[in-house]
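Chain by chain, the residues run as shown.
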Amino acid sequence: MPSLELSTNLALGDAKAQVLRALSQAVAEVTKKPEKFVMIAVHDESAMLYGGSDAPCAVAHLHSIGAISQASNAELQRAVTAVLAPLGLPADRMYIFFHDAERANVGWDNRTFACPAN
């Protein structure tokens, strides 16, 4: 159930679909979760400042049941940077916040992940 929500002030234009796919694959690979459960949301052209500057920047939040660790977080930071750097986003102008979700606090398919299937 990993979910990555990313906001950036970059205008992704025609690259947006490619960015979504690349981020989905990266999250699945790093978290070792099936991609069929990965959700990605990208909000481009957001009004954003980083360090008082409107130069390209981004902020992201990854929520996952497990798969949050120092090693995997660093690996995902590198993977997201690799996707966005070619579009003009420097590695030092992006934060990613990693949230380890409890199974009982994530809903899907009319239940939470802590409840048995219907």
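Parameters and conventions
Residues numbered from 1 in each chain as written. Predicted model: local features only at pLDDT ≥ 70, side-chain atom pairs only at ≥ 80, totals over all residues. Heavy atoms only, no water. Helix = DSSP H or I, 4+ residues; strand = E, 2+ residues; numbered from the N terminus. Rg over C-alpha atoms; globule rule 2.2 N^0.38 Å. Buried < 20%, exposed > 50% of the residue type's maximum accessible area, 1.4 Å probe, protein only. Areas by Shrake-Rupley, 256 points an atom, 1.4 Å probe, with all protein chains shown as cover. Lys, Arg positive; Asp, Glu negative; His and termini not counted. Charge placed at Lys NZ, Arg CZ, Asp CG, Glu CD. Phe/Tyr/Trp six-rings, centres within 6.5 Å; stacked < 30°, edge-to-face > 60°. Pairing = 2+ DSSP bridges. Right-handed = clockwise from strand over helix to strand, strands pointing away.

A. Representation of the overall build of the protein in the model. When you go through the protein residue by residue, the secondary structure sums to two helices and six strands. Listed N to C, the secondary structure of the protein is β-α-β-β-α-β-β-β in terms of helices and strands. Computed over C-alpha atoms, the radius of gyration of the protein comes to 15 Å, within 12% of the 13 Å expected from 2.2 N^0.38 for 118 residues, which places it in the range of a compact globule. For the protein, the spread of C-alpha atoms along the principal axes amounts to about 50 × 30 × 25 Å. Buried residues in the protein amount to 37% of all 118 residues. Surface exposure of the protein reaches about 6800 Å², of which carbon and sulfur atoms provide 53%. One finds the centroid of the 9 positive side-chain charges in the protein at a distance of 8 Å from the centroid of its 12 negative side-chain charges.

B. Structural view of unusual backbone geometry. Residues other than glycine seldom take positive phi values, yet K32 does so here, at roughly 60°. Mapped onto the secondary structure, K32 falls in the loop between α1 (16-31) and β2 (39-43). For K32, a relative accessible area of 70% gives the class exposed. We note that D109 has phi near 55°; this positive angle belongs to a residue other than glycine. Of note, D109 is situated in the loop between β5 (107-108) and β6 (111-112). The class of D109 is partly exposed, set by a relative accessible area of 45%.

C. Geometry of the packing of aromatic side chains. Enumeration according to the criterion identifies four aromatic pairs in this entry. A ring pair is formed by Y50 and Y95, whose centres lie 5.3 Å apart and whose planes are at 50°; its orientation type is tilted. Here Y50, found in the loop between β2 and β3 (58-64), pairs with Y95, found in strand β4 (residues 94-100); they are 45 residues apart in sequence, far enough to count as distant. Owing to a relative accessible area of 21%, Y50 belongs among the partly exposed residues under this scheme. By relative accessible area, which is 47% here, Y95 ends up partly exposed. Here a set of aromatic residues connected by ring pairs shows up, and it is made of F37, W108 and F113.

D. Layout of the pairing of β3. Only one face of β3 is covered, namely the one carrying A58, A60, L62 and S64; the face carrying V59, H61 and H63 has none of its residues buried. Across seven bridges, the pairing between β3 and β4 is parallel. Note that in β4 the partner of S64 across the bridge is D100. Traced from β3 through helix α2 (residues 70-84) to β4, the parallel crossover comes out right-handed.

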